[in-house]
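Chain by chain, the residues run as shown.
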Amino acid sequence: MQYRSEIDGLRAFAVIPVILFHAGFELFGGGFVGVDVFFVISGYLITTIIVSEMDESRFSLINFYERRARRILPALFFVMIICCPFAWMWLTPDDLDDFSQSLIAVSTFTSNFLFWKESGYFDTSVDLKPLLHTWSLAVEEQYYVLFPLFMMLTWRLGKLQIIVMLSLLAVIRLNLAHGGAYTNPTPTFDLLPTRGWEILLGSFVAFFYNRFKQININPSLCQVFSLMGFIFIACSIFIYDKQTPFPSFYALLPTLGTVLVITFTTPNTLVFKVLSGRVLVFIGGISYSAYLWHQPLFAFAKHKTFSEPSSWLMASLVATTFLFAYLTWKYIETPFRRGKALKTKKLVVFSIVLSSVFVTVGIIGHKKDGFEGYFIENRLNDSQRDTYLLIQKNAKLSMVDDGDCKFGKRNISSDLVKRIDKCYLKYGQAVIVLGDSHAINLYNIIAKSKVYTFVVGIAQGGCRPQSNKKKCHYDEFDDFISEYSNKVKVVFFHQSGSYFVEDERGKVDSNLVFKDGEPYNIRTDYIDIVINYVNKLNSKTKTIWLGPFLEARVNLLSLVWSKKSIKPEINVKSFDVFDELELKIADRLDQEENKELGYISLNKWMDISSDFLLVGDCFTYIDVDHFSNCGEDILVKSLREKLYTIDFNRKKS
């Protein structure tokens, strides 16, 4: 296969945005599309090899898999080996348990299934997973287990028939991906059935080149279409963000852009001159190793610092990524790919042995709950051990269900509606608590208070009106309340306050905001979106916005690892940030069109002091921003009487 330097340049154009996206630089809000560019490139290159070898009747499935193993496994296994001691030293048992499971999944190329089950790609918690990025390798390898077999079974039918079948499959999968991006975004993002069409686009380019390699394309068309493709990719990188439904039809912009670049870039085009530059070609050559290194470096830095790393630290980690990538490419990737490091039989043994070791270590780590027993007994002194056990005592966030008429759900469902109907006949109108994961805390407090007999929580983490996704419950709830308003006494809306506040990089819910001296900005446009949504509900049934509560913004595990005694206190800057947020909300509510909206300041109601973080033997938060079970219980005692005083006709409190 003829070497094309612009393909290496295109790899660089793909990997750099991915790395900067994961580093938190908001300018590259759509940097995740670099993975889609990789998918198309991979489909093109691999299919080119398969088709050309089949044309010459020399294709060997064993040789194909050997090449894939030499390309993927040595560098991957090397990075995993390096990750293991740092995971042992720096991860807590819960995180080490997750890491152990990822060792199993990566070794069996099923990590996309694991991370689908655990969380979504854009969830905050995934930033802490060192091997999260291997989901894309799993997708590719699953594809390349199936694709060569398909080609071998259908080759005798002819290329035209193969292309027709693959085209039908691609169209079906694209439409499945489009629908799934709105209804089931996490599996749609992670799994082969809704990702394979992107790799197939690259395969179609390979078939095109195989058929028309002797035909010269008009130079002017090459100039226009290659530049158009380059612009498509760039636009998706800088315009898309985490809220873009993906991989829906939106994914066509970067993938078709990649198709245009590969197909129409010739030595006379501007795009060729850009992508064939020495720096981009060099970065493209080490792009696989760079992709492997970036996520572990970022994740371990966040574990080690117990906070949001600064822009300077992340920038230095980006530079370190490329340094490690070069060394890995030179001393691991290249020798193995050229066959100098291991011959075929030894490569097979090497792969089986290391995979087995990783799987075994992963199973043991998972079975032993991240070696929690060893961690507690051998890694902690008496004071640290007591602190850790107190934190773990109330570490889970779940919704109260008394088996009667206090219950919660993530979405509107037929079961929820039936239960509301039944409880309405028993107790009359319902009190509904609506919102994100913070609303789960608030629902639990209200349900535990026993002020109301019929309380329903409809709350889902990661869902707020200013970032409303199809998987979220706000549109469904709007439809529900239109029909069931007569069965609802009041809707209490609540959401996290930190999602109104952004750091200097434009990232909301950022720990960087709560560091001394770090600038921040309150998004009044987000406040307006929430007010508009609550006003819309209020026009149908009485709705009161219960304002944001104070967030601790202290990494509790930093108290465990600290070598000196630290008094557990809420982050001092959190008081300033939430006081200013309260003023901004009040200012927007004072506008004439919002006069009918009920609002209660939970900050004033709760009146939390700096020493609220630890009350007796209760850590009142489970993380930087959610109350623990015992924290909820303490707040029930202080809020019960205030809940009795709510006047559903009163506008603001």
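This structure is a prediction, so every number in the text was calculated from the model and none was measured. (Residues numbered from 1 in each chain as written. Predicted model: local features only at pLDDT ≥ 70, side-chain atom pairs only at ≥ 80, totals over all residues. Heavy atoms only, no water.)

Remarks on the state of the cysteines
We count it as follows: Defined by distance alone, a disulfide is two cysteine sulfur atoms within 2.5 Å. By definition, any uninterrupted DSSP run of H or I lasting at least four residues is a helix, any uninterrupted run of E lasting at least two residues is a strand, and each is numbered from the N terminus. Relative accessibility under 20% of the residue-type maximum defines a buried residue, over 50% an exposed one, and the middle range a partly exposed one, all with a 1.4 Å probe and only protein chains included.
For the structure on display, the rule yields three disulfides. Two residues, Cys405 and Cys423, share a disulfide whose sulfurs are 2.0 Å apart. Judged by the torsion about the S-S bond (-90°), the Cys405/Cys423 disulfide is left-handed. In this pair, Cys405 is assigned in the loop between helix 18 (382–393) and strand 1 (406–409) and Cys423 in helix 19 (residues 414–427), connecting sequence segments 18 residues apart. Residue classification places Cys405 among the buried positions, given a relative accessible area of 2%. Owing to a relative accessible area of 2%, Cys423 belongs among the buried residues under this scheme. Between Cys618 and Cys630 runs a disulfide, and the two sulfur atoms are separated by 2.0 Å. Its S-S torsion of approximately 90° makes the covalent link between Cys618 and Cys630 right-handed.

Considering helix 22 (residues 524–538)
The condition is simple: One fewer than the residue count of a helix, multiplied by 1.5 Å, yields its expected span. Two residues qualify as a contact provided that any one of their heavy atoms is within 4.5 Å of a heavy atom in the partner residue.
With 15 residues, helix 22 extends 20 Å from end C-alpha to end C-alpha; this agrees with the ideal 21 Å at 1.5 Å per step. Residues of helix 22 that are buried: Tyr526, Ile527, Val530, Ile531, Tyr533, Val534, Asn535, Leu537 and Asn538. Packing partners of the buried residues in helix 22 comprise strand 2 (430–435), helix 21 (474–484), strand 4 (488–494), strand 6 (521–522), strand 7 (543–546) and helix 24 (572–589).

Examining the nonpolar core
Put simply, the test is: Side-chain atoms within 4.5 Å link the members of a nonpolar core, which is a set of buried Ala, Val, Leu, Ile, Met, Phe, Trp, Tyr and Cys residues.
Of all hydrophobic cores here, the largest spans 104 residues; its most connected members are Leu10 and Leu76. The leading source of residues in this core is helix 2 (residues 34–55), at twelve residues. Among the nonpolar cores identified, the runner-up in size contains 89 residues, and Phe492, Leu557, Phe578 and Ile585 belong to it.

Re the pairing of strand 3 (residues 455–459)
Successive side chains on a regular strand alternate, one facing one side of the sheet and the next facing the other. What counts, and what does not: Note on pairing: two strands pair once DSSP finds at least 2 bridges between them.
In terms of burial, strand 3 is largely enclosed, as five of its five residues are buried. Side chains Val455, Gly457 and Ala459 project from strand 3 onto one buried face, and the interleaved Val456 and Ile458 project onto a second face that is buried too. Bridge count between strand 1 and strand 3: four bridges; the pairing is parallel. Among the inter-strand pairings, Lys409 is bridged to a residue of strand 3, identified as Ile458. As defined by bridge partners, strand 2 adjoins strand 3 across five bridges and the pair is classed as parallel.

Some points on the packing of helix 21 against helix 22
Here is the rule we go by: Whenever a helix is involved, its axis is fitted only over the stretch in contact; in every case the axis is a line through C-alpha atoms, and angles between N-to-C directions fall within 0 to 180 degrees. Reported orientations rely on four angle classes, namely roughly parallel under 35 degrees, roughly antiparallel over 145, roughly perpendicular from 65 to 115, and oblique for the rest. Left-handed describes a crossing in which the near helix is turned anticlockwise from the far one by less than a right angle; the clockwise case is right-handed.
The interhelical angle for the contact between helix 21 and helix 22, taken along N-to-C directions, is 20°, at an axis separation of 10 Å. Taken together, helix 21 and helix 22 sit at an angle that is classed as roughly parallel. Remark: the crossing between helix 21 and helix 22 carries left-handed chirality. Contact residues: Tyr474, Phe477, Asp478 and Ile481 in helix 21; Tyr533, Lys536 and Leu537 in helix 22.

Side note on the sheet that holds strand 4
The pairing of strands in a sheet happens through backbone hydrogen bonds and is either parallel or antiparallel. The parallel open sheet is built from six strands, whose spatial order is 1-3-2-4-7-8. Of all the strands in the sheet, the pair left with one neighbour each is strand 1 and strand 8 (598–600). Mean inter-strand twist for the sheet, computed between neighbouring axes without regard to direction, equals 20°. Both strand 2 and strand 4 contribute to a ladder of six bridges, which runs parallel. By the bridge assignment, Ala430 is partnered in strand 4 with Val488. Relative to the sheet, helix 19 contacts strand 1 and strand 3, its axis offset from that of strand 1 by approximately 160°.

A few points about helix 10 (residues 219–239)
We count it as follows: As used here, the arc is the angular range of directions from the helix axis to the C-beta atoms. Here a polar contact is recorded for every N or O atom pair within 3.5 Å, except that within protein the pair must consist of a potential hydrogen donor and a potential acceptor, and residues adjacent in sequence are included only if both atoms are side-chain atoms.
With 21 residues, helix 10 ought to run about 30 Å at 1.5 Å a step, and its terminal C-alpha atoms sit 30 Å apart, in line with that. When helix 10 is considered as a whole, its buried residues turn out to be Cys222, Ser226, Gly229, Phe230, Ile233, Ala234, Ser236 and Ile237. Down the axis, helix 10 shows its buried residues gathered within 165° of arc, on one side only. Contacts made by the buried residues of helix 10 are with helix 1 (5–22), helix 2, helix 11 (252–264) and helix 12 (270–275). A distance of 2.8 Å separates the backbone nitrogen of Ser220 from a side-chain oxygen at the start of helix 10, and that oxygen is part of Asn218.

Some details on the pattern of salt bridges
This is how the line gets drawn: Any Lys or Arg side-chain nitrogen found within 4 Å of a carboxyl oxygen on Asp or Glu counts as a salt bridge.
Applying the stated criterion to the full structure yields 30 salt bridges. Arg71 is the salt-bridge partner of Glu333, the closest N and O atoms lying 2.9 Å from each other. Of the two residues, Glu333 is situated in helix 15 (residues 311–337) and Arg71 in helix 3 (residues 61–90); the sequence distance between them amounts to 262 residues. The residue Arg419 makes a salt bridge to Asp401 at a minimum N-O spacing of 2.9 Å. Taken together, the residues span a long stretch of sequence, with Arg419 in helix 19 and Asp401 in the loop between helix 18 and strand 1 at a distance of 18 residues.

A short note on the side chain of Ser574
Along the chain, Ser574 turns up in helix 24. Here Ser574 falls in the buried class, since its relative accessible area comes to 0%. In this view, Ser574 contacts Phe514, Leu550, Glu551 and Arg553; residues no more than four positions away in its chain are not counted.

What about the packing of helix 1 against helix 15?
Worth spelling out the cut-off: Only Asp, Glu, Lys and Arg are considered charged, only Ala, Val, Leu, Ile, Met, Phe, Trp, Tyr, Cys and Pro nonpolar, and every remaining residue, Gly among them, polar.
Axis separation between helix 1 and helix 15 bottoms out at 10 Å; the angle between their running directions is 145°. Classified by chirality, the crossing of helix 15 by helix 1 is right-handed. Every residue of helix 15 that contacts helix 1 at Ile16, Ile19, Leu20 and His22 is listed here: Met314, Val318, Thr321 and Phe322. When its residues are assigned to classes, the contact of helix 1 with helix 15 shows six nonpolar, two polar and no charged.

Considerations on the side chain of Asp509
Position of Asp509 relative to the elements: it lies in the loop between strand 5 (501–502) and strand 6. One polar contact links Asp509 to Ser498, side chain to side chain, over a distance of 3.0 Å. A polar contact of 2.6 Å, which involves the side chain of Asp509, links it to the side chain of Arg553.

Considerations on the confidence of the model for the protein
Keep this limit in mind: A residue's pLDDT is simply how confident the predictor is in it, with values from 0 to 100.
For the protein, per-residue confidence averages 90 on the pLDDT scale, and residues scoring 70 or more make up 96% of the total. Per-element confidence in the protein ranges from a low mean pLDDT of 81 for helix 23 (residues 556–561) to a high of 96 for helix 11.

Comments concerning the packing of aromatic side chains
For the record, the criterion: Geometry of aromatic contacts follows a simple scheme: Phe, Tyr and Trp rings, the Trp one being its six-membered ring, pair when their centres are within 6.5 Å, and the pair is stacked under 30 degrees between planes, edge-to-face over 60, tilted otherwise. Put simply, a charge is over a ring when the Lys NZ or the Arg CZ is close to the ring centre, within 6 Å, and near the line of the ring normal, within 35 degrees.
Throughout the structure, instances matching the rule amount to 45 aromatic pairs. Measuring from centroid to centroid gives 6.5 Å for Phe612 and Phe627, while their planes differ by 90°, and the two rings are edge-to-face. With Phe612 in the loop between helix 25 (602–606) and strand 9 (614–615) and Phe627 in the loop between strand 10 (618–619) and helix 26 (629–644), this residue pair connects regions lying 15 residues apart in the sequence. Of the two residues, Phe612 and Phe627, neither departs from the other in class, the shared state being buried. Chaining the aromatic ring pairs together yields one cluster made of Phe21, Phe32, Phe39, Trp135, Phe189, Tyr240, Phe246 and Tyr250. Above the face of the Phe189 ring, Arg195 is positioned so that its terminal group lies 4.3 Å from the ring centre. Across the ring face of Tyr526, the terminal group of Arg523 is positioned such that the distance to the ring centre comes to 4.1 Å.

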